[in-house]
Amino acid sequence: MRNVDVDILNSTELLEALWKADQVAQSFILSSPQWVQYWILFMTVVLVPSFVIGLFKREARWVAVAVFYSTVVTPWLIALAGPSKVWGVTHLTFWPLALAVIIPKLIREPIQGWYNRYLALVAATMTVSLVFDAWDVYQFFTAG
């Protein structure tokens with residue numbers, strides 16, 4: 001039997017590594033072009049209300065879960081890969097699940113009323129972001 005040497009982080013070391021990854025992410029965002037910073041702010045303003053609306057509405061709950069998981073997984077990815085265009089993988093993984101719930105509702109029902117208009121804005125925001133993310137991840141993996 002082979003003896004494998006694996007470093008295991010205790011909870012304090014893990015939290016410190018994730019905190020450092022978050023700091024790297026913040027620095028990376030601040031060094032990005034101004035329009036990217038505005039886009040991130042816009043996405044935040046559009047998507048964060050889903051955490052409150054999700055207490056009452058099913059589709060918003062899916063949005064909140066997708067945003068939560070992509071936000072939680074991103075520091076792990078940063079800790080592994082550093083600041084790079086591969087970060088979009090988290091959106092590409094979780095956001096289509098929310099869109100798979102939102103889009104059928106918007107097809108079935110007219111985009112009227114505050115909630116369906118909100119969902120339409122969320123769907124448009126996530127879709128545009130996924131296009132950017134897909135391009136970034138493609139560039140990362142093709143060294144473009």
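In what follows, the accompanying structure is described. (Residues numbered from 1 in each chain as written. Predicted model: local features only at pLDDT ≥ 70, side-chain atom pairs only at ≥ 80, totals over all residues. Heavy atoms only, no water.)

An ideal rise of 1.5 Å per residue puts 34 Å on 24 residues; helix 4 (residues 58–81) measures up with 34 Å between its terminal C-alpha atoms. The principal kink in helix 4, of about 25 degrees, is found at T74, preceding the proline P75 by one to four residues. Within helix 4, burial applies to E59, A60, V63, A64, A66, V67, S70, T74, P75, L77 and I78. Positive backbone phi, approximately 75 degrees, marks G82, located one or two places after helix 4. (Helix = DSSP H or I, 4+ residues; strand = E, 2+ residues; numbered from the N terminus. Expected span 1.5 Å × (residues − 1). Bend = angle between axes of the 7 residues up to and from the residue. Buried < 20%, exposed > 50% of the residue type's maximum accessible area, 1.4 Å probe, protein only.)

Our focus in this paragraph is the nonpolar core. Among the nonpolar cores identified, the biggest contains 22 residues, and L47, V63, W95, I102, V122 and M126 are the most heavily contacted of them. At the level of secondary structure, the elements contributing two or more residues to this core comprise helix 2 (34–47), helix 4, helix 5 (88–108) and helix 6 (113–142). No other element matches the seven residues that helix 6 contributes to this core. When residues no more than four places from it in sequence are discounted, the contact partners of V122 are V46, L47, V63 and I102. In this structure, A21, A25, L77 and V86 belong to the second largest nonpolar core, which totals six residues. (Core = buried A, V, L, I, M, F, W, Y, C linked by side-chain atoms within 4.5 Å. Contact = heavy atoms within 4.5 Å.)

Running from N to C, helix 4 and helix 5 point in directions that differ by 175 degrees, and their axes come no closer than 8 Å. The orientation of helix 4 relative to helix 5 falls into the category roughly antiparallel. Contacts between helix 4 and helix 5 involve R58, E59, W62, V63, A66, V67, Y69, S70, V73, T74 and L77 on the former and, on the latter, V89, T90, H91, F94, W95, L97, A98, V101, I102 and K105. Looking at the contact of helix 4 with helix 5, its residues break down into 14 nonpolar, four polar and three charged. (Axes fitted to C-alpha atoms, helices over the stretch in contact; angles between N-to-C directions. Parallel < 35°, antiparallel > 145°, perpendicular 65-115°, else oblique. Nonpolar A, V, L, I, M, F, W, Y, C, P; charged D, E, K, R; others polar.)

Moving on, we come to a nonpolar patch on the surface. Residues V48, F51, V65, F68, Y69, V72 and W76 make up a contiguous nonpolar surface patch of roughly 630 Å² in combined accessible area. With five residues, helix 4 is the largest single contributor of residues to the nonpolar patch. Looking at the secondary structure, you find F51 in helix 3 (residues 50–53). (Patch = residues over 30% accessible without salt bridge, like charges linked within 9 Å, V, L, I, M, F, W, Y side chains within 5 Å. Areas by Shrake-Rupley, 256 points an atom, 1.4 Å probe, with all protein chains shown as cover. Salt bridge = Lys/Arg side-chain N within 4 Å of Asp/Glu carboxyl O.)

Bringing the packing of helix 2 against helix 6 into the picture now. Relative to each other, helix 2 and helix 6 sit at 145 degrees, their axes nearing to 10 Å. In the packing of helix 2 onto helix 6, the handedness of the crossing is left-handed. Residues W35, W39, F42, M43, V46 and L47 of helix 2 touch helix 6, and the partners they reach there are Y118, L121, V122, T125, M126, V128, S129 and F132. For the contact of helix 2 with helix 6, the class distribution of residues is twelve nonpolar, two polar and no charged. (Left-handed = near helix turned anticlockwise from the far one by under 90°.)

Turning our attention to the packing of aromatic side chains. Scanning the entire structure with this criterion turns up eight aromatic pairs. Taken together, the aromatic side chains of W35, W39, F42 and F132 make up a single cluster linked through ring pairs. For the cation-ring pair, K57 lies above Y115, with the distance from its terminal atom to the ring centre recorded as 4.9 Å. (Phe/Tyr/Trp six-rings, centres within 6.5 Å; stacked < 30°, edge-to-face > 60°. Lys NZ or Arg CZ within 6 Å of the ring centre and 35° of its normal.)

Purely geometric stuff here, so don't read any function into it on its own.
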